[in-house]
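Structural characterization, general
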Protein chains: 2
Amino acid sequence: MARSLHLNLFIHGRGHHEASWRHPGATRLPLTDIRYYQQLAQIAEKGLFDSIFLADALAIADGIGHVARSGLEPITTLSAVATVTDKIGLIGTASTTYTEPYNLARQFASLDHISNGRAGWNIVTSWVQGAAPNYGDDTQVEHAERYERAHEFLDIVSKLWDSWADDAVIDDPDSGVFADESRITPIRHRGKHHGVAGPLNLPRSPQGRPVYIQAGSSETGRRFAARYAEAVFTAHLEKKTAVDFYADIKGQAAGFGRSRDEILILPGISATIGSTEAEAKRLEQELHEATHPSVGLQRLSNRFGGHDFSHLSLDAKLSVDDFPEPSTVQGAQSRAGVILSIVKRDKPTLRQLLHSLAGARGHFTIAGTPEQIADTIEDWFKTGAADGFNVMPPVLPLLLETFIQEVVPILQKRGLFRTAYEGSTLREHYGLARPESQYFGTNPPAKLTA
Amino acid sequence: MARSLHLNLFIHGRGHHEASWRHPGATRLPLTDIRYYQQLAQIAEKGLFDSIFLADALAIADGIGHVARSGLEPITTLSAVATVTDKIGLIGTASTTYTEPYNLARQFASLDHISNGRAGWNIVTSWVQGAAPNYGDDTQVEHAERYERAHEFLDIVSKLWDSWADDAVIDDPDSGVFADESRITPIRHRGKHHGVAGPLNLPRSPQGRPVYIQAGSSETGRRFAARYAEAVFTAHLEKKTAVDFYADIKGQAAGFGRSRDEILILPGISATIGSTEAEAKRLEQELHEATHPSVGLQRLSNRFGGHDFSHLSLDAKLSVDDFPEPSTVQGAQSRAGVILSIVKRDKPTLRQLLHSLAGARGHFTIAGTPEQIADTIEDWFKTGAADGFNVMPPVLPLLLETFIQEVVPILQKRGLFRTAYEGSTLREHYGLARPESQYFGTNPPAKLTA
Ligand SMILES: Cc1cc2nc3c(=O)[nH]c(=O)nc-3n(C[C@H](O)[C@H](O)[C@H](O)COP(=O)(O)O)c2cc1C
Ligand SMILES: Cc1cc2nc3c(=O)[nH]c(=O)nc-3n(C[C@H](O)[C@H](O)[C@H](O)COP(=O)(O)O)c2cc1C
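Keep in mind it's a predicted model, so treat the numbers as computed, not measured.

1. Section: helix α1 (residues 34-46) of chain A
Taking 1.5 Å per residue, 13 residues should reach 18 Å; α1 of chain A reaches 18 Å between its end C-alpha atoms and fits that length. Of all the residues in α1 of chain A, the buried ones are Ile34, Tyr36, Tyr37, Gln38, Leu40, Ala41, Ala44 and Glu45 of chain A. Buried residues along α1 of chain A sit in contact with β1 (6-11), β2 (51-54), α2 (74-82) and α12 (398-413) of chain A together with α3 (101-114) of chain B. Downstream of α1 of chain A by a residue or two, Leu48 of chain A has a phi angle that is positive, lying close to 65°.

Written as structure tokens, this is what we have:
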């Protein structure tokens, strides 16, 4: 079977460019209006995308004065999107640091039932510094400890999702037997951070477990992804680092006894599309100029653990000495490293750096014709940089619509992308096996056995 | 303005009678199929009900072998129901003991946005004993402490829901101003159980806050309800105790400086409807006989803090000495008291007691003609027992459909119940004011000021 490309729509504000919301191609619906998310999902489903994805932060967005954010909570939103779509996967972010495992397990199992097997969980440890003070902690839980908790959390929720055999519900009114209690098991977890007796209080969901997505990129984060993730979101400014990342994750996954197809690597791509390259670049520059520097400065500060850059002049050239060492940064070491590499390579002014990050916050951006974009996608896909892409349209819905009308048909013509949905669950779209229950399977997956 | 009756549909399994699911009038959809909940909500909306309600327990249902339970999680379910309904209120249960306040506040605010102002929160402290071991506690948090936590929790989430002024979002692409940051405030809560800095990460919702519903019935629980609740669910086996409860709660609410109209009392009613009284009684008896004694025994045991009744003979008469003292029961003191009063009054056998509780778990049951049922409703409504009812059809959807086709028109003809929706939010249906933000209102509500 030919390898096939996967496309996920990353929904973010009114588009991934920081100034998207000021563009006439952006929706005018409020970001709290569910119809906006429903419409985007329907557009993406018409475009045969594998999935949509909602990120999440457990604190108010920085720079809310000048940036269109603060939308709805992901799990509620995806539940409402599920009922107006049929096929497209629904990936929501939830935190292993600030959620109770029993609550999270129930809600994702419900979403998987509600959507008939389309739920995916983007597993995050919550990198935003503002989260901790909303959960009783004065300071952020330390990076290593966040991942330690995440391991325990994954163990628990995997067990909860496996705690009902697929055939536990009998539901026979004649005999009066509703469930076979011998096919439902407690999980009896007692760990360092959590105690969870189980079983879950609802039947096993269509996919067995939601698809596990991860986006850690520090050393610890990659190891975690290689062990648990079935799809990995990742940010690269250029193909070279994407190739390294791809090889690293697939190699590490092999070290955990997993096959290369059990873990998909999906780098972000934020494409500004024009009928000529010049037109695309013009649109991109227009968006850059509509940004407000305070937004970019605050984001940069966050990437560097709260370091203050506001004393620097916007139009003077930057040097690496203007930045703290990335290894000292608790929030997101890898992103900080990526930014420093731009500074070294391009020697931009602060304003230029902010513009380059305004596009897609450190993800790969491209401005060009549909052919050029399809070429890049094909190249990354065929030469070990990607199994598909996290599509991050700079302006929504405009540049999603353009992508689907103009880029997708080229990918289809080249035999890279589906021309109809073949399956109906997210696992089927991603080509992933349905996991057996570790308690009731004929062949329990070794990696999750207690 | 004439006082008007309120009707809430309490959705539970395939109906409130324990054996409902074995009856041909019950749905055959799986309890994990979202269409079941959507259809019930649509039927209730056609019947002009104020709201639907989903209860919740944070552990697997007891007796799952012989009882049709274990459905979907309430908040995800209601989000999916919101998008196929327009008017009907959506009340979900969530726990102040086992949820993080920031997570709960976000999800209910999202549900209120998604539904355009139809969210209600049934505030529970989680009485089911099985919950604690799913949240790291070996034993259930003690009754008094659960309510102490609930007070703090209410204070926090009310502040979070008030942390954005109604006009905080400017969303003006021309000026580039998205939000007025001076109209968004941290809440800086530091209490015994929680620390929450705030603000919430999404704009204030259409209703300001979801409607607060409560169902505590111990002394502590009633005081809590009188202080915070805007609607109170309550279980009575007869009108007399309902009248006492009604007077007590309204009196206590007055003590908190609230008016009698700011808190609605909604006792449960589980009506088996027949074209003659004899037909209704026959249906009721049929349902009783389809029960499995193990289910009722386990429920009885739960009502009495885990006390074991299984050594008693099913067909011998009970005495109060067969039961522990209700005041020693941690779970649900008031329900235990109600059961003891039946034992004293009727001297039933254990089987008869289980049958009488199989109907609606301690709520008022009635078997009769539509006229008889309407008479009871009118009587309770007009003589200080109820502001409306928590409608608990023994079999779903059958006895909901009958209620709407046959009882509702009588109530309408008598001028007791609406003939069209006048408002579109749950607050409007319930006749409740929209609360001002305690931070940004012109007239902050005294009861919630820090
Ligand atoms: C495409 C993408 C989406 C992400 N979404 C979220 C998110 O929604 N919430 C979050 O807390 N972190 C999110 N992250 C951050 C990662 O989970 C991770 O914390 C970050 O990449 C830093 O890696 P590390 O945790 O290994 O240091 C995202 C990262 C990427 C690349
Ligand atoms: C109609 C009704 C619905 C209830 N729903 C729930 C529920 O969904 N979850 C829950 O934990 N408790 C529920 N309860 C229990 C109450 O919240 C409360 O704990 C119980 O009535 C005992 O009162 P007390 O807590 O004051 O002792 C419900 C009670 C009633 C009357």
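From this point, the narrative continues.
2. Overview of the UniProt feature "binding site: FMN" (unreviewed entry) in chain A
All names here are of chain A. Summarizing the sequence annotation, UniProt attributes the feature "binding site: FMN" (unreviewed entry) to Asp56, Thr93, His143, Tyr147, Ser217 and Ser218 in the numbering used throughout. For the largest cavity, the lining residues drawn from the annotated set are Asp56 and Thr93. Mapped onto the elements, His143 comes out in helix α4 (residues 143-161). Overall, His143 belongs to the buried group, its relative accessible area being 8%. Under the relative-accessibility criterion, Tyr147 is labelled buried at 6%.

3. Some thoughts on the pairing of strand β12 (residues 364-368) of chain A
Along a regular strand, successive side chains alternate from one face of the sheet to the other. Residues and elements named next belong to chain A. Where burial is concerned, most of β12 is hidden: 4 out of the 5 residues are buried. One ladder, built from 5 bridges, connects strand β11 (residues 264-273) with β12; its direction is parallel. Its bridge partner lying in β12, Ile273 is registered against Gly368.

4. Observations regarding the packing of helix α5 (residues 219-228) of chain A against helix α6 (residues 239-255) of chain A
Residues and elements named next belong to chain A. At a minimum axis distance of 8 Å, the contact between α5 and α6 shows a crossing angle of 55°. Judged by the angle between their axes, α5 and α6 are oblique. Two packed elements cross with a definite hand, and for α5 against α6 that hand is right-handed. Residue-level contacts link Glu219, Arg222, Arg223, Ala225 and Ala226 of α5 to Phe245, Asp248, Ile249, Gln252 and Ala253 of α6. Its residues assigned to classes, the contact of α5 with α6 comprises 5 nonpolar, 1 polar and 4 charged.

5. Things to note about the interface of chain B and chain A
The interface is formed by 67 residues belonging to chain B together with 68 residues belonging to chain A. Interface area, chain B with chain A, both sides summed: about 5,400 Å², of which 54% is carbon and sulfur. Scanning the region where chain B abuts chain A turns up 6 salt bridges. Among the ionic pairs, Arg14 of chain A bridges to Asp171 of chain B, the shortest N-O distance being 2.7 Å. Summed over the shared surface of chain B and chain A, the result is 38 residue pairs in polar contact (both at pLDDT 80 or more). Considering each element in turn, the side of chain B that touches chain A owes the most residues, 7 residues, to α3 of chain B. Counted by class, the side of chain B that touches chain A contains 31 nonpolar, 22 polar and 14 charged residues.

6. Focus on empty space enclosed by the protein
According to the stated counting rule, one finds 11 cavities of 30 Å³ or more in the structure shown. If you go around the largest cavity, you meet 27 residues; those closest to its centre are Asn103 and Gln107 of chain A together with Thr99, Asn103 and Gln107 of chain B. In the lining of the largest cavity, the residues fall into 9 nonpolar, 10 polar and 8 charged.

7. Digging into the site of ligand 1
Residue and element names in this part refer to chain A. Close contacts around ligand 1 come from 20 residues, with Asp56, His143, Tyr147, Ala215 and Ser218 the closest. A distance of 2.7 Å separates an oxygen atom of ligand 1 from a polar backbone atom of Asp56. A distance of 3.0 Å is found between an oxygen atom of ligand 1 and a backbone nitrogen or oxygen belonging to Ser217. For ligand 1, whose accessible area on its own is 610 Å², the fraction buried by protein is 96%. At the level of elements, β4 (119-124) and α4 are the ones that each hand at least two residues to the shell around ligand 1. Here the residues of the shell around ligand 1 are counted per class, giving 8 nonpolar, 10 polar and 2 charged.

8. Thoughts on the relation of the copies chain B and chain A
It takes a turn of 180° to lay chain B on chain A, together with a shift of 0.0 Å along the axis; the resulting RMSD is 0.0 Å. Expressed as an axis order, the relation between the two copies is that of a two-fold axis. For chain B, the residue whose C-alpha comes nearest the rotation axis is Ala80 of chain B, separated from it by 2.2 Å. The fraction of interface residues of chain B whose copies in chain A are also interface residues reaches 100%, indicating that both copies meet through the same surface.

9. Some details on the site of ligand 2
Residue and element names in this part refer to chain B. Neighbouring residues of ligand 2: 21 residues in total, closest Asp56, His143, Tyr147, Ala215 and Ser218. Measuring from an oxygen atom of ligand 2, one finds a side-chain N or O atom of His143 at 2.7 Å. The side chain of Ser218 places a nitrogen or oxygen atom 2.6 Å from an oxygen atom of ligand 2. In isolation ligand 2 exposes 610 Å². Once the protein is present, 97% of that is buried. Among the elements of the structure, β4 (119-124), α4 (143-161) and β10 (231-234) are those that each provide at least two residues to the shell around ligand 2. Residues of the shell around ligand 2, tallied by class, amount to 8 nonpolar, 11 polar and 2 charged.

10. Re the environment of Asp387 of chain A
Residues and elements named next belong to chain A. Relative to the helices and strands, Asp387 is located in the loop between α11 (370-382) and β13 (388-391). In this structure, the C-alpha to C-alpha distance between Asp387 and Arg3, residues 384 residues apart in sequence, is 8.5 Å. Setting aside anything within four residues of it in sequence, one finds Asp387 in contact with Arg3, Ser4, Leu5, His6, Tyr246, Lys250, Ile263, Leu264, Ile265, Leu266 and Phe381. A distance of 2.5 Å separates polar atoms of two side chains, one belonging to Asp387 and the other to Tyr246.

11. Focus: α4 of chain B
The end-to-end C-alpha separation of α4 of chain B is 27 Å, in line with the 27 Å expected for 19 residues at 1.5 Å each. With 14 of 19 residues buried, α4 of chain B lies mostly within the body of the structure.

12. Side note on the pattern of salt bridges
What the rule picks out here adds up to 58 salt bridges over all chains. Here Asp162 of chain A ties to Arg204 of chain A by a salt bridge, and the two come within 2.9 Å at their closest N and O atoms. Of this pair, Asp162 of chain A sits in the loop between α4 and β5 (169-172) while Arg204 of chain A is found in the loop between β8 (195-196) and β9 (211-214), placing the two residues 42 residues apart along the sequence. Here Asp162 of chain A and Arg204 of chain A have matching classes, each one buried. We note a salt bridge from Arg414 of chain B to Glu371 of chain B, for which the minimum N-O separation is 3.0 Å. Residue Arg414 of chain B is located in the loop between α12 (398-413) and α13 (426-430), and its partner Glu371 of chain B is located in helix α11 (residues 370-382); the two are separated by 43 residues in the primary sequence.

13. Considering the pairing of β1 of chain A
All names here are of chain A. Judged by how many residues are buried, β1 sits mostly within the fold: 6 of 6 residues are covered. Judged by which residues are buried, β1 turns out to be covered on both faces: His6, Asn8 and Phe10 on one side and Leu7, Leu9 and Ile11 on the other are all buried. Examined bridge by bridge, β1 and β13 share 4 bridges and lie parallel to one another. Paired with Asn8 across the bridge in β13 is Asn390. Each parallel crossover has a hand, and the one from β1 via α1 to β2 is right-handed.

14. Here we look at the packing of α4 of chain B against helix α5 (residues 219-228) of chain B
All names here are of chain B. Here α4 crosses α5 at 10°, and the two axes come no closer than 10 Å. By the angle between their directions, the pair α4 and α5 is classed as roughly parallel. On α5, the residues touching His143, Tyr147, Ala150, His151 and Leu154 of α4 are Thr220, Gly221, Phe224, Arg227 and Tyr228. Counted by class, the contact of α4 with α5 contains 5 nonpolar, 4 polar and 1 charged residues.

Each value, and the rule that gives it
Starting from 1, residues in each chain are numbered consecutively following that chain's sequence as written. For this description, chains carry letters from A and ligands carry numbers from 1, given in the order in which they are written. Totals for whole chains, interfaces and linings use all residues, but because this is a predicted model, local features are given only for residues with pLDDT of at least 70 and pairs of side-chain atoms are given and counted only at 80 or more. To get the side-chain values, all heavy atoms of the structure are used, and hydrogens and water are removed first. Here a strand is any run of E in DSSP of at least two residues, a helix any run of H or I of at least four, and the numbering for each starts at the N terminus. Expected helix span is given by 1.5 Å per residue-to-residue step, counting one fewer step than there are residues. Each residue is assigned to one of three classes by its accessible area relative to the maximum for its type, calculated with a 1.4 Å probe on protein chains only: buried under 20%, partly exposed between the two thresholds, exposed over 50%. Contacts: residue pairs with any heavy atoms within 4.5 Å of one another. UniProt positions are given in the numbering used here, feature names are shortened, and annotations may be inferred rather than shown by experiment. Buried and open spaces are told apart on a 1 Å grid over the protein atoms alone, a cavity being a set of points where a 1.4 Å probe fits but cannot get out and a pocket being an open set with protein on both sides within 12 Å along at least five of seven lines. Residues with an atom within 4 Å of a point are the lining residues. Pairing between strands is defined by DSSP: at least two bridges between the two strands are required. Here an axis means a line fitted to C-alpha atoms, over the contact stretch when the element is a helix, while the angle between two N-to-C directions is reported on a 0 to 180 degree scale. Comment on the angle field: the value is read as roughly parallel under 35 degrees, roughly antiparallel over 145, roughly perpendicular from 65 to 115, and oblique elsewhere. It is the rotation of the near helix from the far one that decides the hand of a crossing: anticlockwise by less than a right angle makes it left-handed, clockwise makes it right-handed. When residues are sorted by character, Ala, Val, Leu, Ile, Met, Phe, Trp, Tyr, Cys and Pro go into the nonpolar class, Asp, Glu, Lys and Arg into the charged class, and all the rest, Gly among them, into the polar class. Each of two parts loses accessible area, computed with a 1.4 Å probe, when they are put together; buried area is these two losses added. The salt bridge criterion pairs a side-chain nitrogen of Lys or Arg with a carboxyl oxygen of Asp or Glu, the two atoms within 4 Å. By the criterion applied in these results, polar contacts are pairs of N or O atoms within 3.5 Å in which, for protein atoms, one can donate a hydrogen and the other can accept it, and in which residues neighboring in sequence qualify only through two side-chain atoms. Grid points are joined across faces, edges and corners, and a volume is the space filled by probe spheres set on the points. Think of it this way: one heavy atom of a residue within 4 Å of a molecule or strand is enough to make that residue near it. Surface accessibility follows the Shrake-Rupley procedure with a 1.4 Å probe radius. Residue values consider only the protein chains on display as shielding. The atoms used to superpose the copies are C-alpha atoms, taken from residues with pLDDT of at least 70 in both, and the fit is least squares. A clockwise course of the path from the first strand over the helix to the second, judged with the strands pointing away from the viewer, identifies a crossover as right-handed.

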